[in-house]
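Chains, contacts and geometry: an overview
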Amino acid sequence: MDIIYKPLPPEEAQQLGLQLQDPRKAVSFVNAFLKHSMPNVKKSLQENLERKAVVLEYSYKKKKKKSNKSKVLTAKERREMRIFEIKPEQQKYELFLPLHELWRLYIRDLCNGLRPDAQPQMIQNKLLKADLHGALVVVTKSKCPSYVGLQGIILQETKHVFKIVTKEDKLKIVPKLNCVFSLEIDGFISYIYGSKFQMRASERSAKKFKGKGSIDL
C-alpha cells in the first residue's frame, strides 16, 4: 500500500491543524475504499497496484432527455375537446367581416391583383386551390331546395361540409355533395362544384382539377 498511501508526518499534520488517526484505521479505510472503487479483479489489491495502473470506477445515473416533440391530438380527441366548436355568442356575421376583407386581400395577392387582362382560367385554378376561410359564398344549385340562395361567410371547411355564418347571425352547415357554390371578387365569379370538391383544404393545394367538367343536379 506504500505505492499510493503514506502516513502524514506529525510535523506537517501539526502545521495543517489536523489530528492524526490510528494507522491501523487509516489502512483499513484505504483498503475498503479501493475494494469499493476498483473493478472486480481476481488478484489481490497489492498485486494489481504493482502490476499496472488502475482506473477507479464511478457510477452515475444518465438523465433522460426530454423529448421536444409535442403530442399531436387525434381527430377523436379534438372532437371530444370541442376545439373547433363555434359558440352561439360567436356566431355573429359582423364579427367575421374583417376576416372576409383579409380574404379578399389574400386572393388579390394570390391572383396578382386580378387585372382586367388576367386569364379567367388561371384565376379559376388559383381560387380552387385557395384557402376559403373568410370567403363570401352563395349556394346557387342544390338537390335540397332549402339550401339554394343561402349566402354567408365560410368559417370552417371540412372534407364534406362548409360551415357558414349568414347575415341573420345563423350558423349553417352545408354539405358539399350535390351543391354548387359561387363566390365573387372584384367582378370575377367562380363556381365550385361541391361533389368534386370533397377534400380537406390542405389537400386542395396539390389537387389537379380538370379544365372542363360539369355536374347535373
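The structure presented is a predicted model; accordingly, all values stated were derived computationally and were not measured.

Tracing the chain through its elements places Arg 108 in helix H5 (residues 97-110). Given the relative accessible area of 26%, Arg 108 is considered partly exposed. Considering only alpha carbons, one finds Arg 108 and Ile 185, 77 residues apart in sequence, at a separation of 8.6 Å. Sequence-distant contacts of Arg 108, defined by excluding residues within four places in its chain, comprise Gly 113, Leu 114, Ile 185 and Asp 186.

All right, on to the pairing of strand S5 (residues 179-185) then. Most of S5 is tucked away: six of the seven residues are buried. Here five bridges tie strand S1 (residues 136-142) to S5, and the two strands are oriented antiparallel to one another. Across the sheet, Lys 141 pairs through a bridge with Val 180, a residue of S5. Taking the residues that link successive antiparallel strands as the turn, the S5-strand S6 (residues 188-193) hairpin has two residues, and the phi of Asp 186 there is positive, at about 50 degrees.

What helix H6 (residues 120-129) keeps buried is the set Ile 123, Gln 124, Leu 127 and Leu 128. Burial along H6 is one-sided: seen end-on, the buried residues are contained in an arc of 135 degrees. Buried residues along H6 sit against H5, S5, S6 and helix H7 (201-204).

Our focus in this paragraph is the confidence of the model for the protein chain. Interpretation of this model should avoid reading the predicted coordinates in detail wherever pLDDT is low. On average, residues of the protein chain score 79 in pLDDT, and 77% of them are at 70 or above. Looking across the protein chain, the model is least confident in helix H3 (residues 45-51), with a mean pLDDT of 60, and most confident in S1, with 94.

Next up on the list: the sheet that holds S5. Ordered in space as S4-S3-S2-S1-S5-S6, the six strands form an open sheet in which the pairing is antiparallel. The two strands at the open ends of the sheet, each matched to only one other strand, are strand S4 (171-175) and S6. Within the sheet, the average angular offset between the axes of one strand and its neighbour, ignoring direction, is 40 degrees. The pairing of strand S3 (residues 161-165) with S4 spans five bridges and is classified as antiparallel. The partner of Phe 162 across the bridge, within S4, is Val 174. Docked against the sheet, H5 engages S1, strand S2 (151-157) and S5, running at close to 80 degrees with respect to S5. Together, S5 and S6 form the strand contacts of H6, whose direction differs from that of S6 by roughly 50 degrees.

Its place among the elements puts Gln 124 in helix H6. Take Gln 124: its relative accessible area is 18%, and that puts it in the buried class. Beyond its immediate chain neighbours, meaning those up to four positions away, Gln 124 contacts Phe 188, Ser 190 and Tyr 191.

Under the defined criterion, the tally for this structure stands at one aromatic pair. Ring geometry for Phe 162 and Phe 181: centres 5.0 Å apart, planes at 85 degrees, overall edge-to-face. Of this pair, Phe 162 sits in strand S3 while Phe 181 is found in strand S5, placing the two residues 19 residues apart along the sequence. For the pair Phe 162 and Phe 181, one class covers both residues: buried. Over the face of the ring belonging to Phe 162 we find Lys 176, whose NZ or CZ atom lies 5.0 Å from the ring centre.

Reading the values: the criteria
- Residues numbered from 1 in each chain as written.
- Predicted model: local features only at pLDDT ≥ 70, side-chain atom pairs only at ≥ 80, totals over all residues.
- Heavy atoms only, no water.
- Helix = DSSP H or I, 4+ residues; strand = E, 2+ residues; numbered from the N terminus.
- Buried < 20%, exposed > 50% of the residue type's maximum accessible area, 1.4 Å probe, protein only.
- Contact = heavy atoms within 4.5 Å.
- Pairing = 2+ DSSP bridges.
- Arc of directions from axis to C-beta.
- pLDDT = per-residue confidence, 0-100.
- Axes fitted to C-alpha atoms, helices over the stretch in contact; angles between N-to-C directions.
- Phe/Tyr/Trp six-rings, centres within 6.5 Å; stacked < 30°, edge-to-face > 60°.
- Lys NZ or Arg CZ within 6 Å of the ring centre and 35° of its normal.

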